[in-house]
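Spelled out from the first residue to the last, the chains are:
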Amino acid sequence: MHRPASDEPSIAQLQAALQASEQISSAIVETAVNAIITIDARCIIETANTATERLFGYKRTELIGRNISMLMPQPYRDRHDGYVQNYLESGVKRIIGIGREVVGQRKDGSVFPIDLSVGEAVLPTGRRIFTGIIRDLTERKELEDKILHISEEEQARIGQDIHDDLCQQLAAIGCLAKVAQKKLTKAGSAEAQSLAEIVQLISKANTRARETSRGLMPVVIDSGGLMVALEELAESTARAFEVACDFRYDNPVQVSGNKLSIQLFRIAQEAVSNAVKHGQAGRVDIHLARQSGNIVLTIRDNGIGIPESPSKGTGMGLLTMSHRAQMMGGTLKIEPRHGGGTQVTCSVTAPAKNQ
């Protein structure tokens, strides 16, 4: 049964309702705190809100009609259109529908960290548009950097205390025990052998404490210093845990920047520790390479692998490694190896050689 014609909305009412809905949608986008940009399938910017102008320093008229890659630094600027084209051809989603931490570039050329969420819509005409919601992560990254810096300072303090206090005490105890052991040996006492074992255990404990203190101390990096630090990590791991641990590289990899080197070293340190302590590995390999403009750090072991439900310490270590990789704008992949064991791969864009 149809309603009376007088109850049906008129064309004018429908148009007014549609116009009101469009105004509400436009107001929501315009007043949003985060930058919102829409582009077409050719990566050309169609709309941008006020927050986009504030974030990137461009006027809206400077953005609309331009390629979205103008808001990206190299090398992402040259690669972006290829990523979109690959998606349109293959349909494989890598970033659409999820959030991801990337970097943006302002009009003044400054680069800053952003959280990017991309959505796709197909209009009734069949035309595809992509919507990007962008959030500035500068303050959060600065806070995370300060937290990591404080953590490094605290580790250095603990390492210094172990080296200056505990190691010295163990050395003194070892000397006293050795003197007593020699006296008992000269006296022909049967307890001399037991004391000799104690001397040996004290010596091992002192070595272990020194290795621990070295691991906690900050990494001093100069040109090529990361390679030296990784070599020392392999040697100290082999001595302290009595496992085979080697560091190798295809060609010398020079990492400019102490901050980047420290983060890579800490990732290697955590991965090696997990392999030995939790993975019960008998062999660990550390590999550093420069591949396709990236610095790639790989740690492989022959242990039991990562458990499905990691222990609290292990889970925290994995989270810390992932966080350090994100701080460098890199990626971290942890996967099982064929035949047993685990492989940890950290890849980060290599800094320009002139930096």
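Cut-offs used in this document
Residues numbered from 1 in each chain as written. Predicted model: local features only at pLDDT ≥ 70, side-chain atom pairs only at ≥ 80, totals over all residues. Heavy atoms only, no water. Helix = DSSP H or I, 4+ residues; strand = E, 2+ residues; numbered from the N terminus. Rg over C-alpha atoms; globule rule 2.2 N^0.38 Å. Buried < 20%, exposed > 50% of the residue type's maximum accessible area, 1.4 Å probe, protein only. Contact = heavy atoms within 4.5 Å. Areas by Shrake-Rupley, 256 points an atom, 1.4 Å probe, with all protein chains shown as cover. Lys, Arg positive; Asp, Glu negative; His and termini not counted. Charge placed at Lys NZ, Arg CZ, Asp CG, Glu CD. Pairing = 2+ DSSP bridges. Axes fitted to C-alpha atoms, helices over the stretch in contact; angles between N-to-C directions. Phe/Tyr/Trp six-rings, centres within 6.5 Å; stacked < 30°, edge-to-face > 60°. Lys NZ or Arg CZ within 6 Å of the ring centre and 35° of its normal. Parallel < 35°, antiparallel > 145°, perpendicular 65-115°, else oblique. Left-handed = near helix turned anticlockwise from the far one by under 90°. Nonpolar A, V, L, I, M, F, W, Y, C, P; charged D, E, K, R; others polar. Expected span 1.5 Å × (residues − 1). Bend = angle between axes of the 7 residues up to and from the residue. Polar contact = N/O pair within 3.5 Å; in protein donor to acceptor, adjacent residues only side chain to side chain. Salt bridge = Lys/Arg side-chain N within 4 Å of Asp/Glu carboxyl O.

Engineer: How do you make sense of the overall build of the protein chain when you look at a structure like this?
Structural biologist: When helices and strands are tallied, the protein chain shows nine helices and 10 strands. Against the compact-globule benchmark of 20 Å for 355 residues, the protein chain has a radius of gyration of 29 Å, which places it well outside the compact range. Dimensions of the protein chain, computed from the C-alpha atoms along their principal axes, are close to 120 × 60 × 35 Å. For the protein chain, with 355 residues in total, the buried portion stands at 36%. For the protein chain, restricting intrachain contacts to residue pairs at least 6 apart in sequence, the fraction spanning at least 24 positions comes to 57%. Surface summary for the protein chain: the accessible area is close to 21300 Å², and the carbon and sulfur share equals 55%. Of the side-chain charges in the protein chain, 41 are positive and 41 negative, and the distance between the mean point of each set is 3 Å.

Engineer: Mind showing me how you'd approach unusual backbone geometry here?
Structural biologist: Peptide bonds are mostly trans, and most non-glycine residues show a negative phi. Backbone geometry at Cys43 places phi at a positive 70°, although glycine is not the residue there. With respect to the helices and strands, Cys43 occurs in the loop between β1 (35–40) and β2 (45–48). Taking the relative accessible area as the measure of exposure, Cys43 reaches 2% and is therefore buried. One non-glycine residue with positive phi stands out, namely Glu242, at about 55°. Among the secondary structure elements, Glu242 is positioned in the loop between α7 (225–241) and β6 (244–249). For Glu242, a relative accessible area of 65% puts it in the exposed group.

Engineer: Just to check I follow, could you spell out the pairing of β2 for this structure?
Structural biologist: Regular strands have side chains that alternate between both faces of the sheet. Examined bridge by bridge, β1 and β2 share three bridges and lie antiparallel to one another. Looking at β2, one finds that Thr38 is bridged to Thr47.

Engineer: Explanation requested: the sheet that holds strand β9 (residues 331–336) in the structure shown.
Structural biologist: By way of backbone hydrogen bonds, the strands of a sheet pair with one another, either parallel or antiparallel. One open sheet accounts for five strands, arranged β6-β7-β8-β10-β9; its pairing is mixed. The strands lining the two open edges of the sheet, one partner per strand, are β6 and β9. Across the sheet, the mean angle from the axis of one strand to that of its neighbour is 10°, orientation sign disregarded. Inspection of the sheet shows β9 paired to strand β10 (residues 342–349) by six bridges, in the antiparallel sense.

Engineer: Please clarify how the packing of aromatic side chains should be interpreted in this entry.
Structural biologist: Aromatic rings considered in pairs are described by the distance between their centres and by the relative angle of their planes. All chains considered together, the criterion is met by two aromatic pairs. Ring centres of Phe247 and Tyr249 lie 5.8 Å apart, and the angle between their planes is 40°; this geometry places the pair in the tilted category. Judged by relative accessible area, Tyr249 falls into the partly exposed class, the value being 40%. Sitting above the plane of the Phe112 ring, Arg106 keeps its charged end 3.9 Å from the centroid.

Engineer: I would appreciate a short explanation of the packing of helix α5 (residues 138–186) against helix α6 (residues 192–216) in the present structure.
Structural biologist: Contact geometry for α5 and α6: axes closest at 8 Å, N-to-C directions at 165°. Classed by the angle they form, the pair α5 and α6 counts as roughly antiparallel. Crossing hand, α5 versus α6: left-handed. Classifying every residue of the contact of α5 with α6 by side-chain character gives 19 nonpolar, 10 polar and two charged.

Engineer: Explanation requested: the sheet that holds β1 in the structure shown.
Structural biologist: Taken together, the five strands give an open sheet; going across it, the order is β2-β1-β5-β4-β3, and neighbouring strands pair in antiparallel fashion. Of all strands in the sheet, those bounded by a partner on one side alone are β2 and β3 (99–105). Averaged over neighbouring strand pairs, the angle between their axes works out to 35° when direction is ignored. Two strands pair when backbone bridges link them, and strand β4 (residues 111–122) and strand β5 (residues 128–136) are joined in this way by nine bridges, in the antiparallel orientation. What sits directly across from Leu116, in β5, is Ile134. Docked against the sheet, α5 engages β3, β4 and β5, running at close to 135° with respect to β4.

Engineer: Please explain α5 as it appears in this structure.
Structural biologist: Within an α-helix, residues lying three or four positions from one another point in the same direction, as the helix has 3.6 residues per turn. Compared with the 72 Å implied by 1.5 Å per residue over 49 residues, the 70 Å span of α5 between its first and last C-alpha is a close match. Of all the bends in α5, the greatest measures close to 35° and is centred on Ile162. Note on α5: the residue one or two positions beyond its end, Gly188, has a positive phi of about 75°.

Engineer: Any chance you could explain the environment of Arg127 here in plain terms?
Structural biologist: Assignment of secondary structure puts Arg127 in the loop between β4 and β5. For Arg127, a relative accessible area of 37% puts it in the partly exposed group. Among all residues touching Arg127, those that are not within four sequence positions of it are Asp40, Glu46, Ala121 and Val122. A polar side-chain atom of Arg127 sits 2.6 Å from a polar atom in the side chain of Glu46.

Engineer: What should I look at first to understand the pattern of salt bridges in this one?
Structural biologist: Pairing between side chains becomes possible if they bear opposite charge and their charged atoms approach one another. Scanning all chains against the criterion turns up 15 salt bridges. A salt bridge links Glu53 to Arg60; the nearest nitrogen and oxygen atoms lie 3.6 Å apart. The salt bridge involving Glu62 is made with Lys107; its shortest N-O contact spans 2.9 Å. Of this pair, Glu62 sits in helix α3 (residues 60–63) while Lys107 sits in the loop between β3 and β4, and the two are 45 residues apart along the sequence. Here Glu62 falls in the partly exposed class, since its relative accessible area comes to 26%. One network of salt bridges, in which partners are shared, links Glu101, Arg140, Lys141 and Glu144.

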